[in-house]
Amino acid sequence: MSFQGFRLRRAVAAAVAGAVAFAVAGCAVDRSGSDDGKPTIRLAYQSFPSGDLIVKNNRWLENELPGYNIKWTKFDSGADVNTAFIAGQVDFGALGSSPVARGLSAPLNIPYQVAYVLDVAGDNEALVARNGTGIETIGALRGKRIGTAFASTAHYSLLAALDRNGLGANDVKLVDLQPAASLAAWERGDIDAVYTWLPTLDQLRKSGKTLITSRELATAGKPTLDLGVVSRAFAQAHPDIVDIWRKVQTRAIETIKNKPAEAAEAVAAEIGVSPADAAQQLGQGVFLTKAQLTSAEWLGTEGRVGEIATSLRSAAEFLVAQKQIPAVPSVETIKDGIYVKGLPGVLD
């Protein structure tokens, strides 16, 4: 990606530096089947249970696109995925709705578009209090140390949960922790509660009490999503590949619904748990049907973007309140960040 033509703000410079550091570290890059004679499609994924992991494990993209190298790179958070997009390291990515809202806003203005809803957060994202703290309710969190990944969907949900119980960010001690780091802090007794997602969440639940889940908050009008995004330049140059990617993602969702044992086997292999645990984790998410995905409530159809734009705007308002971004992007900017070309027919 060329950076000529726009000003590099400090946030963008920091993101690029982080991306370079990631590249040097060479973390979790799957280069299987690499052929120097083929162009490469680069995908950023995370280890939360989803159809994305089923696509990866079954090598469906490799089978559908034999003329390309398919390079999967694992990231720990949506913020890291955003960093990789800014540095031009990936073409597709999986990340939460809050990081996407941040990416579509100034100063990042990442040129990507939402092309799929991987899942709607349910019981797979939750607030858990550590055993021994005496915390039995959200109201009892006043003055306590709570870990969460800042600017993530979990952070968004945490503040919504606090607000519903008469608390604000200043009434607790928030600690910015990625999932693995939150687990380590939990085990040391450094924090009293954590709002995070699977698979780390299940580890926390073994010695903690669930206070609220994102499923409950979604019912109350504060949904959070895991989204699949595509680089705008890549989508313009290769709309046929984007169509194939959306089709295999839909195949994965149908596998979760119609062949749960097969789906669990694939996810188990990717995140390193038993098939039974993978099945239990998949059961905690909300996976949209093809009809739901292209309905007015979610992505919508070509020429008519759905209510997902409203969800992303709400996430942007949250980020402004947290001083993570300077202003909420316009409705037009958010709608332009939704890729609905060919919907719904392209998924058939």
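Described in the following lines is the structure provided in the data block.

**Side note on the overall build of the protein chain**
(1) Moving on: Along the protein chain, the regular secondary structure elements total 16 helices and 13 strands.
(2) Moving on: For 348 residues, the compact-globule estimate of 2.2 N^0.38 gives 20 Å, and the C-alpha radius of gyration of the protein chain, at 19 Å, lies within 12% of that figure.
(3) Moving on: Overall size of the protein chain, expressed as C-alpha extent along the three principal axes, is 60 × 50 × 45 Å.
(4) Moving on: Buried residues in the protein chain amount to 51% of all 348 residues.
(5) Moving on: Within the protein chain, contacts between residues at least 6 apart in sequence are counted, and of these 78% link residues at least 24 apart.
(6) Moving on: With an accessible surface of roughly 14,600 Å², the protein chain has 48% of that area assigned to carbon and sulfur atoms.
(7) Moving on: With 35 positive and 36 negative side-chain charges, the protein chain shows a spacing of 5 Å between the two charge centroids.

**Here's the deal with the packing of aromatic side chains**
(1) Moving on: Taken as a whole, this structure holds six aromatic pairs when the rule is applied.
(2) Moving on: On the numbers, 5.3 Å between centres and 70° between planes, the contact of F92 with F234 is edge-to-face. With F92 in strand β4 (residues 92–96) and F234 in helix α10 (residues 232–237), the pair connects residues that are 142 residues apart, well separated along the chain.
(3) Moving on: F234 sits in the buried class, given a relative accessible area of 9%.
(4) Moving on: The side chain of R251 reaches across the aromatic face of W60, ending 3.9 Å from its centre.

**Some details on helix α4 (residues 78–86)**
(1) Moving on: The buried fraction of α4 amounts to seven of the nine residues, a majority that puts the element mostly inside the structure.
(2) Moving on: Of the residues trailing α4, G88 is marked for its positive phi of about 70°.

**Details of the side chain of D91**
(1) Moving on: Note that D91 resides in the loop between α4 and β4.
(2) Moving on: Judged by its relative accessible area of 7%, D91 falls in the buried class.
(3) Moving on: Look past the residues within four positions of D91 in its chain and what remains in contact with it is T40, I41, R42, F85, V229, V230, S231 and F234.

**Concerning the pattern of salt bridges**
(1) Moving on: Per the counting criterion, the structure on display carries 14 salt bridges.
(2) Moving on: In this structure, D123 and R215 form a salt bridge, with 3.1 Å as the shortest nitrogen-oxygen distance. Separated by 92 residues along the polypeptide, D123 in the loop between β5 (112–120) and β6 (125–130) and R215 in helix α9 (residues 214–219) bring together distant segments of the chain.
(3) Moving on: For R188, the salt bridge goes to D190, with nearest N and O atoms at 2.6 Å.
(4) Moving on: Overall, the relative accessible area of 56% leaves R188 in the exposed class.

**Quick notes on the packing of helix α12 (residues 260–271) against helix α13 (residues 275–282)**
(1) Moving on: α13 packs onto α12 with a crossing angle of 105° between their chain directions and a minimal axis gap of 8 Å. With respect to their mutual orientation, α12 and α13 come out roughly perpendicular. Packed against α12, whose contacting residues are A263, A264, E265, V267, A268 and I271, the element α13 presents P275, A278, A279, Q281 and L282 at the interface.
(2) Moving on: Looking at the contact of α12 with α13 residue by residue, the class counts come to nine nonpolar, one polar and one charged.

**Description of the nonpolar core**
Generally speaking, a soluble globular protein has its nonpolar side chains buried in company with each other.
(1) Moving on: The biggest cluster of nonpolar side chains holds 98 residues, and the ones touching the most others in it are L61, F92, V100, V114, L127 and L141.
(2) Moving on: Listed in part, the twelve residues of the second largest apolar core include L177, V194, L201 and L204.

The rules behind these values
- Residues numbered from 1 in each chain as written.
- Predicted model: local features only at pLDDT ≥ 70, side-chain atom pairs only at ≥ 80, totals over all residues.
- Heavy atoms only, no water.
- Helix = DSSP H or I, 4+ residues; strand = E, 2+ residues; numbered from the N terminus.
- Rg over C-alpha atoms; globule rule 2.2 N^0.38 Å.
- Buried < 20%, exposed > 50% of the residue type's maximum accessible area, 1.4 Å probe, protein only.
- Contact = heavy atoms within 4.5 Å.
- Areas by Shrake-Rupley, 256 points an atom, 1.4 Å probe, with all protein chains shown as cover.
- Lys, Arg positive; Asp, Glu negative; His and termini not counted.
- Charge placed at Lys NZ, Arg CZ, Asp CG, Glu CD.
- Phe/Tyr/Trp six-rings, centres within 6.5 Å; stacked < 30°, edge-to-face > 60°.
- Lys NZ or Arg CZ within 6 Å of the ring centre and 35° of its normal.
- Salt bridge = Lys/Arg side-chain N within 4 Å of Asp/Glu carboxyl O.
- Axes fitted to C-alpha atoms, helices over the stretch in contact; angles between N-to-C directions.
- Parallel < 35°, antiparallel > 145°, perpendicular 65-115°, else oblique.
- Nonpolar A, V, L, I, M, F, W, Y, C, P; charged D, E, K, R; others polar.
- Core = buried A, V, L, I, M, F, W, Y, C linked by side-chain atoms within 4.5 Å.

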